[in-house]
Amino acid sequence: MFDQEDAVKQMIEAGASGYLLKNSPLEEVLTAIKQISKGATYFDAALDPSLFSKDAKQEIKKQILSKSEREILKLIGQGKTSSEIATIRFNSVSTVETHRKNIIRKLGLHGKGELLRYAIEKKYDF
């Protein structure tokens, strides 16, 4: 693997739970496997910690959503329905529904209920 920032960011964006450099010793590989199998994360000590911090992961999630998707997510967090969002944004309901589906896919959520919960929890973060 590479120790380039962009490669690491892409892996995290894709949902990686860990990242090791190709020159990592076998003991570190085994430690990483054990940590990740327990549901934890593991990143090579030689990497910049800011790349995989919780804030960095949140920033990456923000970046993967378009401006329209972030606006719609904000309105969802305010409890607006697709019809209300369509009226506010001068879009069709089907356009808003498409954006909702794309947001769910990009954030790795499972259904409208999880999308609503995410939008409410992150109301002021986008």
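Residues numbered from 1 in each chain as written. Predicted model: local features only at pLDDT ≥ 70, side-chain atom pairs only at ≥ 80, totals over all residues. Heavy atoms only, no water.

Draft legend 1. Representation of the packing of helix α4 (residues 67–77) against helix α5 (residues 82–89). Between α4 and α5, the shortest axis-to-axis distance is 10 Å and the interhelical angle comes to 130 degrees. Classed by the angle they form, the pair α4 and α5 counts as oblique. Relative to α5, the crossing made by α4 is right-handed. Only I85, I88 and R89 of α5 make contact with α4, whose side of the interface consists of S68, E71, I72, L75 and I76. Broken down by class, the residue content of the contact of α4 with α5 amounts to 5 nonpolar, 1 polar and 2 charged. (Axes fitted to C-alpha atoms, helices over the stretch in contact; angles between N-to-C directions. Helix = DSSP H or I, 4+ residues; strand = E, 2+ residues; numbered from the N terminus. Parallel < 35°, antiparallel > 145°, perpendicular 65-115°, else oblique. Left-handed = near helix turned anticlockwise from the far one by under 90°. Contact = heavy atoms within 4.5 Å. Nonpolar A, V, L, I, M, F, W, Y, C, P; charged D, E, K, R; others polar.)

Draft legend 2. Quick peek at the environment of E97. Structurally, E97 is set in helix α6 (residues 93–107). Residues E97 and S82, spaced 15 residues apart in sequence, show a C-alpha to C-alpha distance of 6.7 Å.

Draft legend 3. Highlighting the pattern of salt bridges. Taken as a whole and judged by the stated rule, the model has 4 salt bridges. With its nearest N and O atoms 2.9 Å apart, the salt bridge here joins E69 to K106. Of this pair, E69 sits in helix α4 while K106 sits in helix α6, and the two are 37 residues apart along the sequence. Residue class for E69 comes out buried when judged on its relative accessible area of 3%. K106 gets classed as partly exposed once you look at its relative accessible area, which sits at 30%. The closest approach of N and O atoms between R117 and E121, which form a salt bridge, is 3.6 Å. With R117 and E121 both in helix α7 (residues 112–121) and 4 residues apart, this pair spans about one turn of that helix. A relative accessible area of 47% means that R117 is categorised as partly exposed. When its relative accessible area of 53% is taken as the criterion, E121 is described as exposed. (Salt bridge = Lys/Arg side-chain N within 4 Å of Asp/Glu carboxyl O. Buried < 20%, exposed > 50% of the residue type's maximum accessible area, 1.4 Å probe, protein only.)

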